[in-house]
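Structural overview
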Amino acid sequence: MDIQITLNGKKITDNVDADMLLIDFVRKHGCLSVKRGCETANCGLCTVLMDDTPILSCSMLVARAAGHNITTLEGLQEEASEFVGFIADQGADQCGFCNPGFVMNTIALLRENPNPTDDEIRAFLAGNLCRCSGYEGQLRGIRAFLDSRKEN
Amino acid sequence: MVTIQKYVRAQSLEEAYQLNQAKTNKIIGGMLWLKMGSGNISTAIDLCDLGLNTIEENDKQFSIGASVTLRQLELHQGLNSYTNNAICNAVKDIVGVQFRNLATIGGSIWGRFGFSDVLTCFMAMDCYVELFNAGVIPISKFAYMKYDNDLIIRIIVKKTPGYFNYSSMRAQRTDFPIIACALSCINGKYTAVIGARPHRAMSVTDNENILSGEITEESADKFAKYVAENIKTGSNSRGSASYRKQLIEVLTKRGILSMISSMKEGEHK
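Residues numbered from 1 in each chain as written. Chains lettered and ligands numbered in written order. Predicted model: local features only at pLDDT ≥ 70, side-chain atom pairs only at ≥ 80, totals over all residues.

**Things to note about the overall build of chain A**
- A count of helical and extended segments in chain A gives 6 helices and 5 strands.
- Moving toward the C terminus, one meets the helices and strands of chain A in the order β-β-α-β-β-α-β-α-α-α-α.
- Taking 15 Å as the expected radius of gyration for a compact globule of 152 residues, we find that chain A reaches 16 Å, a close match to that expectation.
- Considered along the principal axes of its C-alpha atoms, chain A spans approximately 50 × 30 × 25 Å.
- Split into buried and exposed, the 152 residues of chain A put 44% on the buried side.
- Counting only contacts in chain A whose residues sit at least 6 apart along the sequence, the fraction spanning at least 24 positions is 61%. (Helix = DSSP H or I, 4+ residues; strand = E, 2+ residues; numbered from the N terminus. Rg over C-alpha atoms; globule rule 2.2 N^0.38 Å. Buried ≥ 20, exposed ≤ 12 C-beta atoms within 10 Å, placed from the backbone. Contact = placed C-beta atoms within 7 Å.)

**Points about the domain arrangement of chain A**
Residues and elements named next belong to chain A.
- The domains assigned to chain A are domain 1 (2-74) and domain 2 (76-151).
- On a C-alpha basis, the centroid separation for the pair domain 1 and domain 2 is 22 Å.
- Taken together, the contact between domain 1 and domain 2 spans 14 residues of the former and 13 residues of the latter.
- Per-element accounting of the side of domain 1 that touches domain 2 gives the leading share, 3 residues, to strand 3 (residues 47-50).
- Here the residues of the side of domain 1 that touches domain 2 are counted per class, giving 8 nonpolar, 5 polar and 1 charged. (Domains from an automatic or database assignment. Nonpolar A, V, L, I, M, F, W, Y, C, P; charged D, E, K, R; others polar.)

**So, the domain arrangement of chain B**
- In terms of domains, chain B is made up of domain 1 (2-39), domain 2 (55-158) and domain 3 (162-268).
- Taking only C-alpha atoms, the centre of domain 1 of chain B and the centre of domain 3 of chain B are 36 Å apart.

**What to know about the packing of helix 3 (residues 77-89) of chain A against helix 6 (residues 136-151) of chain A**
All names here are of chain A.
- Contact geometry of helix 3 with helix 6 gives a least axis separation of 8 Å together with a crossing angle of 135°. When the interaxial angle is binned, helix 3 and helix 6 end up oblique. As for how helix 3 packs across helix 6, the hand of that crossing is right-handed. Taken together, the residues of helix 6 that come into contact with helix 3 (itself represented by Phe-83, Phe-86, Ile-87 and Asp-89) are Gln-138, Gly-141, Ile-142, Ala-144 and Phe-145.
- Partitioned by chemical class, the residues of the contact of helix 3 with helix 6 number 6 nonpolar, 2 polar and 1 charged. (Axes fitted to C-alpha atoms, helices over the stretch in contact; angles between N-to-C directions. Parallel < 35°, antiparallel > 145°, perpendicular 65-115°, else oblique. Left-handed = near helix turned anticlockwise from the far one by under 90°.)

**Some thoughts on the sheet that holds strand 2 (residues 26-27) of chain B**
All names here are of chain B.
- Spatially, 3 strands are ordered 1-3-2 in an open sheet, and the strand pairing comes out parallel. Each having just a single partner strand, strand 1 (2-9) and strand 2 make up the two edges of the open sheet.
- Relative to strand 3 (residues 39-46), strand 1 runs parallel, the two sharing 7 bridges. Each residue of the ladder has a partner; that of Val-2, found in strand 3, is Gly-39. (Pairing = 2+ DSSP bridges.)

**Focus on the sheet that holds strand 1 (residues 2-7) of chain A**
Residue and element names in this part refer to chain A.
- The sheet built from 5 strands is open, its strands ordered 2-1-5-3-4 with mixed pairing. Each edge of the open sheet carries a strand with a single partner, namely strand 2 (10-15) and strand 4 (53-56). Looking at each pair of strands side by side, their axes are set apart by 40° on average, direction ignored.
- Running over the sheet, helix 4 (residues 99-112) touches strand 3 and strand 4 and is turned about 35° from strand 3.

**Things to note about helix 3 of chain A**
Residues and elements named next belong to chain A.
- With 13 residues, helix 3 ought to run about 18 Å at 1.5 Å a step, and its terminal C-alpha atoms sit 18 Å apart, in line with that.
- The sharpest bend along helix 3 reaches about 35° and sits at Phe-83.
- Of the positions making up helix 3, those classed as buried are Ala-80, Phe-83, Val-84, Phe-86 and Ile-87.
- In the core, the buried residues of helix 3 are packed alongside helix 4 and helix 6.
- Where helix 3 terminates, the next one or two residues include Gly-91, which has phi positive at roughly 65°. (Expected span 1.5 Å × (residues − 1). Bend = angle between axes of the 7 residues up to and from the residue.)

**Some details on the interface of chain B and chain A**
- If you look at the interface, chain B gives 23 residues, while chain A gives 23 residues.
- Those elements giving two or more residues to the side of chain B that touches chain A turn out to be strand 1, strand 3 and helix 5 (97-100) of chain B.
- Tallied by class, residues from the side of chain B that touches chain A come to 12 nonpolar, 6 polar and 5 charged.

Structure (structure tokens):
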């Protein structure tokens, strides 16, 4: 079937199988930041924004995404660069495999709630699993970013 | 992973219903549970073009389209104000935000899963399921109907005056509940709905009027024991039947006392 999707601002027309998942589509079109992880819709590695809403691309048929705007980390480099340094400064990145999904969902959080409490951060990012860090480094990184934004 | 031969966005409820009559066709809902299975689907039926993704509210009821996501339920002010935040508490620990942006109320209710926080919570309300073929039926009846090829259009929650409370016990946030407890007081009658027992949710109403007078620690405790005695629990990898009985007592008592506190606050406002 033929579909059209706007991927990172660029209109793409493609012929896809009925059971192709969105994750496979975006990776086919060069967005390799989107990772396949748990296969059970639990880990958040495959997070993309559909019409600015964070979703799991491993659990959506690309056919359903047809006609929508899909954004991956490749399309949000500038927005992400504002705070990923703060994450790195806290040593929160270890293997880094979870990082793109984590960054995507953090962007979604800060767009929805620009000044979240620690509990709100934990709640919003509960669907992003990291098997290295224990999450405290990421939390400290986001807090440091938010504090620096207040100072500026 | 399932394989899908054909994908169709139904353009009417009639079309979706007719397509769904073939055994090998499936309505995909949020697709989160479906994709965990295996097998071949001839036609995947998507309801996303049918405008069922809104929550409509009037003086008498909420009408929740089958494609409304769990995240919409979590954030809906009217629903959460009416239910004393019970709906938000029921869905907030279901995996993560990204998951809840996909999972739909139609899929959750249709599945009638034993672990379902959503089914447990809505069963505590004056709630109805509108099906394309069978019409509007109480959710308590729907929960125990056999699976067929009907189609959920919407969930209707009547604004019958009441108080609600929801809590669950999980080994960790985002996991399935070990036990789930939804409580309601509608027209002065208290009901506890226990989910993840681990079977499909089951309700117990205070037919012995344990809570009819002023509610105290003792009467809340007695009602909690009554609920635990009248709910059949089972064992699985998350907990034993006897552990679940203990949890039912704790969550029911805690929930009743919390609900009474909310009622008193409401009276003072």
